[in-house]
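Here are the chains, one letter per residue:
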Amino acid sequence: MILKIALDTPLRRVFDYLPPEKPHPNPLKAGVRVRVPFGRRQLIGVLVGIADDSALPDGKLKVALEILDSDPVFDTVTLELLCWAADYYHHAIGEVIAAALPAALRAGELAEERVELWSLSEAGLHQYRAQAQRLGPRQRALLTALALHGPATLGLLGVACRRAQLAQLAKRGWAVANVETPQPVRVVQRPSEVTLTPEQARAVDAIRDSHGRFAAHLLYGVTGSGKTEVYLRTIAGVLDNGGQALVLVPEIALTPQLVERFRQRFSAGIVVLHSGLAATLRRDAWRSAHRGLARIIIGTRSAVFTSMPHLKLIVVDEEHDASYKQHEGFRYSARDLAVWRAQRAKIPIVLGSATPSLETLDNAAQGRYAKWLLPQRPGAARPPRTGLVDLRKHACEQGLSRPALEAIGRHLHAGGQAIVFLNRRGYAPALFCNACGWVAACAHCDARMTLHRRAGQLRCHHCGAVAAVPSACANCALPLSPVGQGTERVEETLARLFPGAGLARLDRDTTAGRGAMEALLHRVHSGTARILVGTQMLTKGHHFPDVSLVLILDADQGLFASDFRATERLAQTIIQVAGRAGRGERPGEVIIQTAFPEHPLLTRLITAGYEGFAEIALEERRAAEWPPYSRLAMLRAEARSESQLDQFLTSAAACGARLADSAIQVLGPAQALIARRADHYRAHVLIEAPARRALKRFLTQWLPAVEALPAPSGIRWSVDVDPLEID
Ligand code: ADP
Ligand code: ZN
Ligand code: ZN
């Protein structure tokens, strides 16, 4: 008997071992952890298969040291998912599996270890019932969590609880911790106050009807149209049936309201999993999910790999969001893997969005996904009025056209608030010499430095390099001028033009500090700031009831970008930002500044909405044979030496061309958009195939051949299957 073991190494293979000498009492199952000798070290790996023989001769095989578990540390589908994902994305299986396990379990801690369960003591219960008003907010929150969820692990008690605080309560005699094997908690559902609209009811019924089999449901509705209510109702059904539900969200930090709504609706059994979680909390949460104690797991992309033996439903909120794709190392799409997992587990999956990805819309059009429209917010305002401002016809003041400025004045006068969107932070994207044309460039990248005036710095947005602002042109010593606008400059201009309106700027620069984001949002909500300038950050999750105007300063960046997904992203951004207007009582207005008002995608978006845009965007994709009508993979490489990089990618492409049949196209090598970044030259080879299977077959042959190429040590390369960006 040969054990096939996945070990946490970058090698794309499993390792063969003989079973340990001391036999394990239980029959061996895939998914248990095994301690093995590896070189001069010992590693803990996961058994992924058992075979009769090995390619290695008997004498070469080492003997495994110890089997750590009697039961697998992943449920069957999750283990299959991990193996499939490693295979599909051509990433080392050992790394994939290791990333899915909490550090403590990777280090050998028992998966079944008993846990600390916290609950209220008699005295604590008395405090909670009789004296709660006298306590500080923090203690009250702790007691409430214990009263509602206890006995429970730290992870199940929720984000507000820290162990030290609980220990304090224990010292006072209000809380007790018992170390034991946790039992399933009873989940009490609080009734919802709303009556579903007919559209919501249809979606809920359809999703519930698909219980116990695979079905993908696209829930297509603007923010506020009632998608979360549909999630909550369908999850309620799952809990009634004893199941677990997985809810994927783009970023936890941006969805506190969502988590809060879940906690309000369900009394217990909710855990939140994200990358910022402390190691012990992560381990606790993971364990309770694995043992079926946690009933609802809300998490970011990596939560798709959580072991959940009773999983009965998956929800992917904002399914179009780019953060579902991991952009480095193991480059996977959590959305796509969620669909695979649902298929394999034979359960329904719900994909929710106001601006679904074109892939998902195509799946719906082909009948592979059911599509449920939630047309409007229940009892809601009319959709905002949208207009274009032709930048060729109107003079601009620092990027702000006259009609746009007039509109801001009008809305402020009427008591509304305005959002000004520009996806570029800093003061100006270039510092330029009018006399000789010299531009401040990054010393390490083929890119311009962005002027950050308030910080008194030039910064490179590609490598993070920082430089002092030169006082004059390096060439001719004449004065330099900042060219173009970033959010900082727009803020400055608007503050000058609308004194007294109160400006707030929301971008990575202004929200970096602790609590800075909350403080900014507070200024907007309280009305101290009535003009909000910001980047992409504005598009996610926020609800500003008094915002009646949304101004999109520069739509043109996305219209002519080389990336085939640029227009899709632009349309999604426009719709998502525009969705911030007219959320409350006031009718909304959206103004888009563009130098190309007759661009068909833009006009279509305005006259026919996202759905109309998507229709013609999909036609374009079909004509050009871009995804979803083809499949892509990218071999990206970088090196300090341009010639070494070129040599490596040229041989890789040549070797690809030899292996490719007529259906496969090997394109490149081509330079990346930023051809040199942080002193590394960057280029890629793009593979285009008619379908997944053909791509897979090709990559399975090609990548080992690329691995075998004589690559100088300075070359770093990686493969990205289904890339989101092809620059
Ligand atoms: P989404 O998830 O699409 O943003 P939500 O489910 O959060 O939408 O709903 C937005 C708001 O409308 C919430 O305050 C919710 O309670 C309320 N709501 C949802 N469905 C209904 C309904 N059928 N009737 C009345 N209010 C509703
Ligand atoms: Zn000059
Ligand atoms: Zn740089």
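About the criteria used
- Residues numbered from 1 in each chain as written.
- Chains lettered and ligands numbered in written order.
- Predicted model: local features only at pLDDT ≥ 70, side-chain atom pairs only at ≥ 80, totals over all residues.
- Heavy atoms only, no water.
- Pairing = 2+ DSSP bridges.
- Helix = DSSP H or I, 4+ residues; strand = E, 2+ residues; numbered from the N terminus.
- Axes fitted to C-alpha atoms, helices over the stretch in contact; angles between N-to-C directions.
- Core = buried A, V, L, I, M, F, W, Y, C linked by side-chain atoms within 4.5 Å.
- Buried < 20%, exposed > 50% of the residue type's maximum accessible area, 1.4 Å probe, protein only.
- Contact = heavy atoms within 4.5 Å.
- Near = heavy atom within 4 Å.
- Polar contact = N/O pair within 3.5 Å; in protein donor to acceptor, adjacent residues only side chain to side chain.
- Areas by Shrake-Rupley, 256 points an atom, 1.4 Å probe, with all protein chains shown as cover.
- Nonpolar A, V, L, I, M, F, W, Y, C, P; charged D, E, K, R; others polar.
- Donors = N, O, S within 2.8 Å, 3.2 Å for Na, K, Ca; no water.
- Tetrahedral: all angles 85-135°; square planar, octahedral: opposite > 155°, others 65-115°.

Within a sheet, each strand pairs with its neighbour through backbone hydrogen bonds, oriented either parallel or antiparallel. An order of E21-E22-E23 is seen for the three strands of this open sheet, with the pairing classed as antiparallel. Only two strands of the sheet have a single partner each, and these edge strands are strand E21 (450-452) and strand E23 (466-468). In this sheet, adjacent strand axes meet at a mean angle of 35 degrees when their direction is disregarded. Where E21 and strand E22 (residues 457-459) come together, three bridges link them in antiparallel fashion. Paired with Thr 450 across the bridge in E22 is Arg 459.

The next subject is the nonpolar core. Residues Phe 74, Leu 248, Ile 297, Phe 305, Ile 314, Ile 349 and Trp 702 are the most contacted members of the largest nonpolar core, which totals 129 residues. It is helix H19 (residues 600-624) that provides the largest number of residues to this core, a total of eight residues. Among residues more than four places away in sequence, those in contact with Phe 305 are Phe 74, Thr 78, Leu 81, Leu 82, Ala 85, Ala 100, Phe 330, Tyr 332, Leu 337 and Arg 341. Listed in part, the 29 residues of the second largest apolar core include Ile 235, Val 249, Ile 252 and Leu 313.

Surveying the vicinity of ligand 1 reveals 15 residues, the closest of which are Thr 195, Gln 200, Gly 224, Thr 228 and Arg 261. Take Thr 197: an N or O atom from its main chain is 3.4 Å from a nitrogen atom of ligand 1. Contact between ligand 1 and Ser 225: an oxygen atom at 3.3 Å from a main-chain N or O atom of the residue. Considering ligand 1 on its own, with 550 Å² of exposed area, one finds that the protein chains cover 70% of that surface. Top contributing element to the shell around ligand 1 by residue count: helix H9 (residues 227-240), with three residues. Looking at the shell around ligand 1, its residues break down into four nonpolar, eight polar and three charged.

Let us now look at the coordination of the zinc ion (ligand 2). Note on the zinc ion (ligand 2): its protein donors are Cys 433 (SG), Cys 436 (SG), Cys 473 (SG) and Cys 476 (SG). The metal-donor distances range over 2.2 to 2.3 Å. Around the zinc ion (ligand 2), the four donor atoms are arranged such that angles at the metal cover 104 to 117 degrees; this shape is classified as tetrahedral. Binding-site remark: the zinc ion (ligand 2) is held by donors from one chain whose sequence spacing is C-x2-C-x36-C-x2-C. Remark: Cys 473 occurs in the loop between E23 and strand E24 (481-483) and Cys 436 occurs in the loop between strand E20 (430-432) and E21; sequence separation between them is 37 residues.

This paragraph deals with helix H13 (residues 358-365). Within H13, seven of the eight residues are buried, leaving the element largely enclosed by the surrounding structure. Where H13 is buried, its residues contact strand E9 (215-221), helix H12 (334-345), strand E14 (348-353), strand E15 (369-374), helix H18 (566-578) and H19. Immediately beyond the C-terminal end of H13, within one or two residues, lies Gly 367, with a positive phi of roughly 85 degrees.

This part covers the pairing of strand E2 (residues 15-18). With three bridges joining them, strand E1 (residues 2-6) and E2 adopt antiparallel strand pairing. The residue bridging Leu 3 from the neighbouring strand is Tyr 17, located in E2. With two bridges joining them, E2 and strand E5 (residues 62-63) adopt parallel strand pairing. The residue bridging Leu 18 from the neighbouring strand is Val 63, located in E5.

The coordination sphere of the zinc ion (ligand 3), as far as protein atoms go, consists of Cys 442 (SG), Cys 445 (SG), Cys 460 (SG) and Cys 463 (SG), spread over 2.2 to 2.4 Å. Classification of the site at the zinc ion (ligand 3) rests on its four donor atoms, whose angles at the metal span 105 to 114 degrees, yielding the label tetrahedral. Site description for the zinc ion (ligand 3): donor spacing in sequence, C-x2-C-x14-C-x2-C. When its relative accessible area of 3% is taken as the criterion, Cys 460 is described as buried.

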